[in-house]
Amino acid sequence: GVDFTLIPKQLDQSVERKGDAASLRSTTIKTSSNWTRNRQANLLSKPKKHGLDADEIRKEKAKAFDLLDALSRSGSLAIAHSELHVVVAMTHCFEKDLMGTVIRDNVNPIEKLEGS
């Protein structure tokens with residue numbers, strides 16, 4: 001299997017090898033503390049929205065992982081037609097502001113980004 005936790009480290013190593021280490025930075029994405037759950041009592045009822053606090057978020061996340069664990073028999077059964085989405089973000093930093101980069105340094109920031 002693939003260890004997805006190693007992706008940020010591999011990206012950092014790739015950036016360092018390329019030499020753009022000064023302009024590219026790893027970015028941490030944090031979720032909002034305000035979550036909203038949409039839930040229907042049954043298929044014919046209208047969905048109801050409910051705000052979740054940190055404790056409720058923790059409980060709902062535990063319920064979701066418990067359900068996944070039960071459905072996959074603790075990982076021994078494959079879940080057919082499933083997908084895993086991994087979001088990785090990098091931030092491109094310039095030494096100067098946009099106008100300084102374009103006018104003073106005569107650098108096209110779009111080309112610099114595409115080269116990253």
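### Considerations on the pattern of salt bridges
Thought 1: One pass over the structure, following the stated rule, counts five salt bridges.
Thought 2: For Arg 39, the salt bridge identified is with Glu 60, shortest N-O distance 3.6 Å. Note that Arg 39 is positioned in strand E2 (residues 35–39) and Glu 60 in helix H2 (residues 54–71), a separation of 21 residues in sequence.
Thought 3: Note that Arg 58 is salt-bridged to Asp 55, the shortest N-O span being 2.5 Å.

### So, a nonpolar patch on the surface
Thought 1: Taken together, Val 2, Phe 4, Leu 84, Val 86 and Val 88 make up a surface patch of nonpolar side chains, about 460 Å² in accessible area.
Thought 2: Examined against the element boundaries, Val 88 turns out to sit in the loop between H2 and strand E4 (89–92).

### Digging into the confidence of the model for the protein chain
Thought 1: Within the protein chain, residue pLDDT values average 84, and 92% of them lie at 70 or more.
Thought 2: Across the protein chain, strand E3 (residues 48–52) holds the top mean pLDDT of 95, while helix H4 (residues 109–115) sits lowest at 71.

### Digging into the environment of Asn 108
Thought 1: When you line up the elements, Asn 108 lands in the loop between helix H3 (98–104) and H4.
Thought 2: Residues Asn 108 and Leu 98, spaced ten residues apart in sequence, show a C-alpha to C-alpha distance of 9.5 Å.

### A word on the side chain of Ser 72
Thought 1: Its location among the elements puts Ser 72 in the loop between H2 and E4.
Thought 2: Apart from the residues within four sequence positions on either side, Ser 72 is in contact with Leu 77 and Ile 79.

### With respect to H2
Thought 1: Between its terminal C-alpha atoms H2 stretches 26 Å, which fits the 26 Å expected from 18 residues at 1.5 Å a residue.
Thought 2: Two to three positions downstream of the cap, the backbone nitrogen of Asp 55 sits 3.2 Å from a side-chain oxygen, assigning the N-cap of H2 to Asp 53.

### Some words on unusual backbone geometry
Most peptide bonds are trans, and most residues other than glycine sit at a negative phi.
Thought 1: Of note in the backbone geometry, Arg 73 takes a positive phi value of approximately 50° without being a glycine.
Thought 2: Considering the arrangement of structural elements, one finds Arg 73 in the loop between H2 and E4.
Thought 3: In this structure, His 81 takes a positive phi of about 60° despite not being glycine.
Thought 4: Along the chain, His 81 falls in the loop between H2 and E4.

### With respect to the environment of Phe 94
Thought 1: If you trace the backbone, Phe 94 turns up in the loop between E4 and H3.
Thought 2: The spacing of Phe 94 and Leu 24 is 70 residues in sequence and 8.9 Å in space, taken between C-alpha atoms.

### As for the side chain of Arg 37
Thought 1: Mapped onto the fold, Arg 37 is located in strand E2.
Thought 2: Within polar-contact distance, the side chain of Arg 37 engages the side chain of Glu 60 at 2.8 Å.
Thought 3: Leave out the neighbours within four places in its chain, and Arg 37 touches Lys 48, Lys 49, His 50, Leu 52 and Glu 60.

Parameters at a glance
- Residues numbered from 1 in each chain as written.
- Predicted model: local features only at pLDDT ≥ 70, side-chain atom pairs only at ≥ 80, totals over all residues.
- Heavy atoms only, no water.
- Salt bridge = Lys/Arg side-chain N within 4 Å of Asp/Glu carboxyl O.
- Helix = DSSP H or I, 4+ residues; strand = E, 2+ residues; numbered from the N terminus.
- Patch = residues over 30% accessible without salt bridge, like charges linked within 9 Å, V, L, I, M, F, W, Y side chains within 5 Å.
- Areas by Shrake-Rupley, 256 points an atom, 1.4 Å probe, with all protein chains shown as cover.
- pLDDT = per-residue confidence, 0-100.
- Contact = heavy atoms within 4.5 Å.
- Expected span 1.5 Å × (residues − 1).
- Polar contact = N/O pair within 3.5 Å; in protein donor to acceptor, adjacent residues only side chain to side chain.

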